[in-house]
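Structural overview for review
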Amino acid sequence: QVQLVESGGGLVQPGGSLRLSCAASRFTFSTYAMNWYRQAPGKARELVAAITSAGDNANYADSVKDRFTISRDNAKNTVYLQMNSLKPTDTAVYYCNAVKKRLGVVVANYWGQGTQVTVSS
């Protein structure tokens, strides 16, 4: 059974940093694009950052650009989200997502269980 297990969430003060990790297993990680989403209470889930399967291109939501960095280590089947200069508005459950497309069509889509990030003084 496919597994995506997030870790690294917690409580941090405004201006602080956290590094989220997502360990993948039981699928060919290196062939999947990886995404980080987040969902704050009462809000829709939003895409925060995305990285290609090879790790050669990344995209970010405007709200996190220049503060967050997504990266991956295909040898370790792990994707990371480095979060700096955190704001209270970054408080949310963060989810790891693996997506595979063929000819532009999603053929596989997996989700982790989420990790809570709370930014508060």
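Look above for the structure.
Here we summarise the structure given alongside this text. In this text, all values refer to a predicted model and were calculated from it rather than measured experimentally.

**Notes on the overall build of the chain**
The secondary structure content of the chain amounts to zero helices and 11 strands. Secondary structure elements in the chain, listed N-terminal to C-terminal, are β-β-β-β-β-β-β-β-β-β-β. A compact globule built from 121 residues should have a C-alpha radius of gyration of about 14 Å, and the chain, at 14 Å, falls within 12% of that. Counting all 121 residues of the chain, 40% fall into the buried class. Only carbon and sulfur atoms are counted for the fraction: they give 47% of the accessible area of the chain, which is about 6,500 Å². Computed over 13 positive and 7 negative side-chain charges, the separation of the two mean positions in the chain equals 6 Å.

**Digging into the environment of Val64**
In this fold, Val64 is placed in the loop between strand S6 (58–60) and strand S7 (68–73). Val64 sits in the buried class, given a relative accessible area of 0%. Expressed as a C-alpha distance, the spacing of Val64 and Asp90, which sit 26 residues apart in the sequence, is 8.6 Å. In this structure, Val64 is in contact with Arg38, Val48 and Asp90, ignoring residues within four places of it in sequence.

Reading guide: rules and limits
- By convention here, each chain's residues receive numbers from 1 onward along its written sequence.
- With the structure being a predicted model, the display of local features is reserved for residues of pLDDT at least 70 and the display and counting of side-chain atom pairs for 80 or more, all residues being used for whole-chain, interface and lining totals.
- Side-chain descriptors were evaluated using all non-hydrogen atoms of the structure, hydrogens and water having been removed beforehand.
- Counting from the N terminus, the helices are the DSSP runs of H or I reaching at least four residues and the strands are the DSSP runs of E reaching at least two.
- What the globule rule says is 2.2 Å times the number of residues to the power 0.38, and the radius of gyration is computed from C-alpha atoms.
- When accessible area is computed with a 1.4 Å probe and restricted to protein chains, residues below 20% of their type maximum are described as buried, those above 50% as exposed, and intermediate ones as partly exposed.
- Working definition of accessibility: Shrake-Rupley area with a 1.4 Å probe, residue cover restricted to the visible protein chains.
- Residues scored as positive are Lys and Arg, those scored as negative are Asp and Glu, and His as well as the terminal groups of each chain are ignored.
- Where a charge lies is defined by one atom per residue type, namely NZ (Lys), CZ (Arg), CG (Asp) and CD (Glu).
- Two residues qualify as a contact provided that any one of their heavy atoms is within 4.5 Å of a heavy atom in the partner residue.

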